Amino acid sequence: MPARARDAILAHYHRTARDLPWRVGPRANHRPDPYRVWLSEVMLQQTTVATVTPRFAAFLERWPDVEAMAAAPLEDILQQWAGLGYYARARNLHACARAVAERGGFPETEAGLRELPGIGAYTAAAIAAIAFGEDSVVIDTNVERVVARLHALDRPVKSAKGEIARLADPLFDSVDSGQMAQALMDLGATICRPKNPKCSECPAQADCKAFASGTPEAFPPKPPRKQRPERHGTAWWIEREGKLFLVRRPEKGLLGGMAALPGTDWNDGTPDENPAISVRHVFTHFALTLSIEERDAPPDQTEGWWQPLDRLDEAGLPTLYAKAVKAFAKAERSGPLTA
DNA sequence: AAAACGGGGCG
DNA sequence: CGCCCAGTTTT
């Protein structure tokens, strides 16, 4: 039974494969550039294809190969990454590029790739399969969902990793793992979607127990999610002679290593009463209300630099601070702050 | 085993 | 406005 689903999924992929900039089509007789596969895979960690596509092109134009990226300063990588989130990925990208350039190229096995910074189980398996033709079993959330539905797995994925791996294995048996990995990703993205799956278009419908159940969307069951705490803080707008005072956040922790407005710590509890300007930003694990206040000078012993306001885009501010700048500019144009 | 870690797009 | 996404690292 799994062999039929396997073949149907692969055949469907050959007919309908999405044309993606980092992808070599199913009809090509060569493997894609490992550098491009790696870069796209890292970008696609927790980030959608639509968001990644233009950012991938910009990275590739600036750094056409791993040696070029390895030669760039970390600061440039972070600036180019700004807005993509999960900034540890950018730091690991830089460290990985240097390690790969140092050793003269990408390792060609899953085990070798797994040793590199920012490359975990999924990404190692994906690069090994897609770029090097290794017979790895590639399991990401798409594959987990497809497999859970094929078998009507009624336990949360989180508590059934072993079982998922066992059930995924036959899908990769005796086929090109790279093709199957990409086939399953397309299937998960376009047909076997988390919500409103298009079972009528699915090549594996006849072998799908979730479809047979009549409620395919119920698989796999989602664990209860926990609530998000509220935090608040203040960022300081310190402007002098057309320049804005910026700081660099600590390497470790939230928005690590990124450019930022200086400000207070972010605390739990009740926010400031009636701030003139504030922005709201929702992180994975808490929601932040950030007030923006004008200030004449940086606090003593605050390390930072003066960024020309007409070159603020070059600072590489993450989205939270880009929002703050936008909110301040808008208030300044219309409000009484500097009127 | 669980928490930390961003942001954008969609219904 | 809540949910989800081509996960990895740290605790």
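Cut-offs and rules
- Residues numbered from 1 in each chain as written.
- Chains lettered and ligands numbered in written order.
- Predicted model: local features only at pLDDT ≥ 70, side-chain atom pairs only at ≥ 80, totals over all residues.
- Heavy atoms only, no water.
- UniProt positions renumbered as here; feature names shortened; annotations may be inferred.
- Helix = DSSP H or I, 4+ residues; strand = E, 2+ residues; numbered from the N terminus.
- Buried < 20%, exposed > 50% of the residue type's maximum accessible area, 1.4 Å probe, protein only.
- Contact = heavy atoms within 4.5 Å.
- Areas by Shrake-Rupley, 256 points an atom, 1.4 Å probe, with all protein chains shown as cover.
- Salt bridge = Lys/Arg side-chain N within 4 Å of Asp/Glu carboxyl O.
- Axes fitted to C-alpha atoms, helices over the stretch in contact; angles between N-to-C directions.
- Parallel < 35°, antiparallel > 145°, perpendicular 65-115°, else oblique.
- Nonpolar A, V, L, I, M, F, W, Y, C, P; charged D, E, K, R; others polar.
- Near = heavy atom within 4 Å.
- Polar contact = N/O pair within 3.5 Å; in protein donor to acceptor, adjacent residues only side chain to side chain.
- Pairing = 2+ DSSP bridges.

- An unreviewed UniProt entry annotates chain A as Adenine DNA glycosylase originating from Sphingomicrobium sediminis.
- For the record of chain A, the UniProt heading Function (unreviewed entry) holds the text "Adenine glycosylase active on G-A mispairs. MutY also corrects error-prone DNA synthesis past GO lesions which are due to the oxidatively damaged form of guanine: 7,8-dihydro-8-oxoguanine (8-oxo-dGTP)."
- Quoted verbatim from the Catalytic activity (unreviewed entry) field of UniProt, the annotation for chain A is "Hydrolyzes free adenine bases from 7,8-dihydro-8-oxoguanine:adenine mismatched double-stranded DNA, leaving an apurinic site."

Considerations on the overall build of chain A
- Summing up its helical and strand segments, chain A has 13 helices and 7 strands in all.
- Across its three principal directions, the C-alpha atoms of chain A cover 70 × 50 × 30 Å.
- The proportion of buried residues among the 339 residues of chain A is 45%.
- For chain A, the proportion of contacts with a sequence separation of at least 24, taken over those separated by at least 6, is 68%.
- Per element, the accessible surface of chain A, about 17,500 Å² overall, is 50% carbon and sulfur.

A few points about the UniProt feature "domain: HhH-GPD" (unreviewed entry) in chain A
- The UniProt feature table records "domain: HhH-GPD" (unreviewed entry) at residues 43-190.
- Secondary structure within residues 43-190 divides into 64% helix and 0% strand; the distance between the first and last C-alpha atoms comes to 19 Å.

Things to note about the pattern of salt bridges
- By the definition in use, this model includes 13 salt bridges.
- Note that Asp176 is salt-bridged to Arg31, the shortest N-O span being 2.8 Å. Placement of Asp176 in the loop between helix H10 (161-168) and helix H11 (177-190) and of Arg31 in the loop between helix H1 (2-16) and helix H2 (34-43) is noted, with a sequence separation of 145 residues between them.
- What makes Asp176 partly exposed here is its relative accessible area of 28%.
- For Arg31, a relative accessible area of 37% gives the class partly exposed.
- As a salt-bridge pair, Lys161 and Glu144 come within 2.9 Å of each other at their nearest N and O atoms. One end of the pair, Lys161, is in helix H10; the other, Glu144, is in helix H9 (residues 141-150), and 17 residues separate them in sequence.
- Several salt bridges share partner residues, and in doing so they unite Arg18, Arg23 and Asp186 into one network.

Observations regarding the packing of H9 against H10
- H10 packs onto H9 with a crossing angle of 80 degrees between their chain directions and a minimal axis gap of 10 Å. Judged by the angle between their axes, H9 and H10 are roughly perpendicular. Between H9 and H10, the contacting residues are Val143, Glu144 and Val147 on the first element and Lys161, Ile164, Leu167 and Ala168 on the second.
- When the residues that make up the contact of H9 with H10 are grouped by side-chain class, the tally is 5 nonpolar, no polar and 2 charged.

Some words on the protein's contact with DNA strand B
- Around DNA strand B lies a shell of 19 residues, among which Gln46, Tyr87, Leu255, His281 and Thr284 are the nearest.
- Protein-proximal atoms of DNA strand B, defined as those within 4 Å of the protein, fall in sugar or phosphate at a share of 60%.
- Side-chain polar atom of Tyr86 to a base oxygen of DNA strand B: 2.9 Å apart, as the coordinates give it.
- One nitrogen or oxygen atom from the side chain of His285 is found 2.7 Å from a phosphate oxygen belonging to DNA strand B.
- Counted by class, the surface near DNA strand B contains 8 nonpolar, 10 polar and 1 charged residues.

Regarding the sheet that holds strand E6 (residues 287-294)
- Overall, mixed pairing links the 3 strands, which are arranged E1-E6-E5 in an open sheet. At either end of the open sheet lies a strand with only one pairing partner, and these are strand E1 (230-237) and strand E5 (278-282). The average angle at which neighbouring strand axes cross in this sheet is 25 degrees, direction not considered.
- On the sheet, helix H13 (residues 319-334) packs against E1, E5 and E6 and is oriented at approximately 160 degrees with respect to E5.

Quick word on the protein's contact with DNA strand C
- DNA strand C sits among 27 residues. The nearest are Leu44, Gly118, Arg145, Lys222 and Arg225.
- Within 4 Å of the protein, atoms of DNA strand C come from sugar and phosphate in 67% of cases.
- Between DNA strand C and the protein, one listed contact pairs a base nitrogen with a side-chain N or O atom of Trp22 at 2.8 Å.
- Mapped onto the surface near DNA strand C, the elements with two or more residues apiece are helix H8 (121-132) and H9.

Description of the environment of Val279
- Residue placement: Val279 occurs in strand E5.
- The spatial distance from the C-alpha of Val279 to the C-alpha of Asn142 is 34 Å, given a sequence separation of 137 residues.
- Not counting residues within four places of it along the chain, the set of residues in contact with Val279 comprises Leu288, Thr289, Leu290, Ile292, Leu320, Lys323, Ala324 and Ala327.

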